[in-house]
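Here are the chains, one letter per residue:
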Amino acid sequence: HKGTFGAVLAVAGSASYRGAAALAVEGALRTGAGIVTLASVEPVLAAVSARLPECCLCPCEAGAEGGIAPESIPRIQRQKATVLLLGPGLGYTAQSAARAAETRTLVQTLLPGFAGSAVLDADGLNAAADLLQAGKTLHPKGELILTPHPGEMARLTGLSAAAIHADREGTALRFARAWNAVVVLKGAQTVIAAPDGRCAVNPTGNPGLSRGGSGDVLAGMTSALLACGLPAFEAAVCAVYLHGAAARRSRDAPARPLCGPRHPVCRERPLNQRTKRNASFPPDLCYTGRVTKSAGKGRFLLWFLRWKRSSRRATASSSSAVRASPRRAA
């Protein structure tokens, strides 16, 4: 049942980054989390609930630049969850100093007091960089996974991006031990490092992942596998591998139209396979998906004219048969 596969609480999204929350939540749901709850402001909740009605919602008060206000922290802490996903789309200095301060407050308050495991991503990492440099302890009671790209890793460590690229595995292992966390250093051949010295380099993926939103999906996938019961290192390795494998599969799939009756994904079983009624209904009209209004009207008109013509023939033949048959004696 749904409780068997864990519950993810995603604290994500703001007025400027509504899609980040949607992508992270969808990544968690599609990867198998039993329950996913999104804590965010109303515009984000409206966008996500329209796309993903199975997602639970925790409405939060709006703060600076349309982000989550710290006044919502007690409400967020009351949500039941086994994994906390913190960071995608929260907003930081790109919006304003006030937005950055509120995000730091969310990270500093929610992360250390969380009873389960956590995934820290995106603006959560940017906030953690300032807090780590100030000597703050940021670790939940369970395991912690950090998912920085090289720029975020540079802010977290104080190293240059060039130095990180020069020794990706060594850097990830060094700071995994220092932070007692699994570090997912993203990029071409993502490196996953554990505090106990284990390290993996991912072989999957392609340049199609080099766009905004890919990391949000990966964070959601990682949270789901962590909620399902995998240890942090295994959850991170599996999520990174599957994320890249999905990109390869998408690249290698044959090109198909996005919608229309010929698309195998959009087609539905014809009505004449489900019931004897409407057996003459053309299969091309039995599909789910969008088509242009003119094309839909044209197909319906052709079907209607054929049906009208056949019904007239059937009526005429039945009438002639009645006239030709002898009357029964009274």
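Residues numbered from 1 in each chain as written. Predicted model: local features only at pLDDT ≥ 70, side-chain atom pairs only at ≥ 80, totals over all residues. Heavy atoms only, no water.

*Asks:* How do you make sense of unusual backbone geometry when you look at a structure like this?
*Replies:* Leaving glycine aside, a negative phi is the common case for residues, and trans is the common case for peptide bonds. The backbone of Ala 122 shows a phi angle near 55°, a positive value even though the residue is not glycine. For Ala 122, the position within the fold is in the loop between strand S5 (117-120) and helix H5 (123-133). Here Ala 122 falls in the buried class, since its relative accessible area comes to 15%. Positive phi outside glycine occurs at Asn 180, with the angle close to 55°. Of note, Asn 180 is situated in the loop between helix H8 (168-179) and strand S7 (182-185). We classify Asn 180 as partly exposed; its relative accessible area is 46%. (Helix = DSSP H or I, 4+ residues; strand = E, 2+ residues; numbered from the N terminus. Buried < 20%, exposed > 50% of the residue type's maximum accessible area, 1.4 Å probe, protein only.)

*Asks:* I'm lost on the side chain of Ser 96 in this one. Help?
*Replies:* The residue Ser 96 is located in the loop between strand S4 (83-86) and helix H4 (97-110) in this model. The residues touching Ser 96, leaving out its near neighbours within four places in the chain, are Ala 64 and Glu 65. (Contact = heavy atoms within 4.5 Å.)

*Asks:* Is there a simple way to think about the packing of helix H9 (residues 214-227) against helix H10 (residues 232-252) in this case?
*Replies:* Each pair of packed helices can be described by the angle between their axes along with the distance between the axes. Closest axis-to-axis distance for the H9/H10 pair is 8 Å, and the angle between their directions is 140°. The angle between H9 and H10 places the two elements in the oblique class. In terms of crossing hand, the pair formed by H9 and H10 is right-handed. Between H9, through Ser 214, Val 217, Leu 218, Met 221, Thr 222, Leu 225 and Leu 226, and H10, the contact on the second element is made entirely by Ala 232, Ala 235, Ala 236, Cys 238, Ala 239, Val 240, Leu 242 and His 243. (Axes fitted to C-alpha atoms, helices over the stretch in contact; angles between N-to-C directions. Parallel < 35°, antiparallel > 145°, perpendicular 65-115°, else oblique. Left-handed = near helix turned anticlockwise from the far one by under 90°.)

*Asks:* Which parts of the structure should I look at to understand the sheet that holds strand S2 (residues 35-40)?
*Replies:* Across a sheet, strands are paired by hydrogen bonds formed along the backbone, either parallel or antiparallel in direction. Read from one edge to the other, the open sheet built from nine strands follows the order S3-S2-S1-S4-S5-S6-S7-S8-S9, with strand pairing classed as mixed. Here the strands that pair on one side only, and so sit at the sheet edges, are strand S3 (56-59) and strand S9 (199-201). Each adjacent strand pair in this sheet contributes to an overall mean axis angle of 15°, direction not counted. Note that strand S8 (residues 191-193) and S9 share three bridges and pair antiparallel. Along S9, the bridge assignment pairs Val 191 with Val 201. (Pairing = 2+ DSSP bridges.)

*Asks:* How should I be thinking about H5 in this particular structure?
*Replies:* Every α-helical turn comprises 3.6 residues, leaving residues that sit three or four positions apart pointing alike. H5 sits mainly inside the fold: eight of its 11 residues count as buried. Taken as a whole, H5 has its buried residues at Asp 123, Gly 124, Leu 125, Asn 126, Ala 127, Ala 128, Ala 129 and Leu 131. Next to the buried residues of H5 lie S4, H4, S5, strand S6 (144-146) and helix H6 (150-157). Downstream of H5 by one or two residues, Gly 135 has phi in the positive range, about 85°.

*Asks:* Quick question: what am I supposed to make of the packing of H5 against H6 here?
*Replies:* Packing of H5 against H6 leaves a shortest axis separation of 8 Å and a crossing angle of 15°. Regarding the angle of H5 to H6, the classification is roughly parallel. For H5 against H6, the interelement crossing comes out right-handed. Contact residues: Leu 125, Asn 126, Ala 128, Ala 129, Leu 132 and Gln 133 in H5; Glu 152, Arg 155 and Leu 156 in H6. Taken together, the residues that form the contact of H5 with H6 break down as five nonpolar, two polar and two charged. (Nonpolar A, V, L, I, M, F, W, Y, C, P; charged D, E, K, R; others polar.)

*Asks:* How should I be thinking about the environment of Ala 172 in this particular structure?
*Replies:* Mapped onto the elements, Ala 172 comes out in helix H8. Judged by its relative accessible area of 0%, Ala 172 is buried. C-alpha of Ala 172 to C-alpha of Met 153: the two residues are 19 residues apart in sequence and 9.0 Å apart in space. Apart from residues lying up to four places away in sequence, Ala 172 is in contact with Met 153, Val 183, Leu 185, Val 191 and Ala 193.

*Asks:* What is the right way to read the packing of aromatic side chains from this model?
*Replies:* Each aromatic ring pair is specified by the distance between its two centres and by the angle formed by the two planes. As enumerated under the stated definition, the model contains one aromatic pair in all. A centroid spacing of 5.1 Å and a plane angle of 40° characterise the contact between Phe 175 and Trp 179, whose relative ring orientation is tilted. Of the two residues, Phe 175 and Trp 179 are both situated in helix H8; the distance of four residues between them amounts to about one turn of the helix. No difference in accessibility class separates Phe 175 from Trp 179, as the two residues are buried. (Phe/Tyr/Trp six-rings, centres within 6.5 Å; stacked < 30°, edge-to-face > 60°.)

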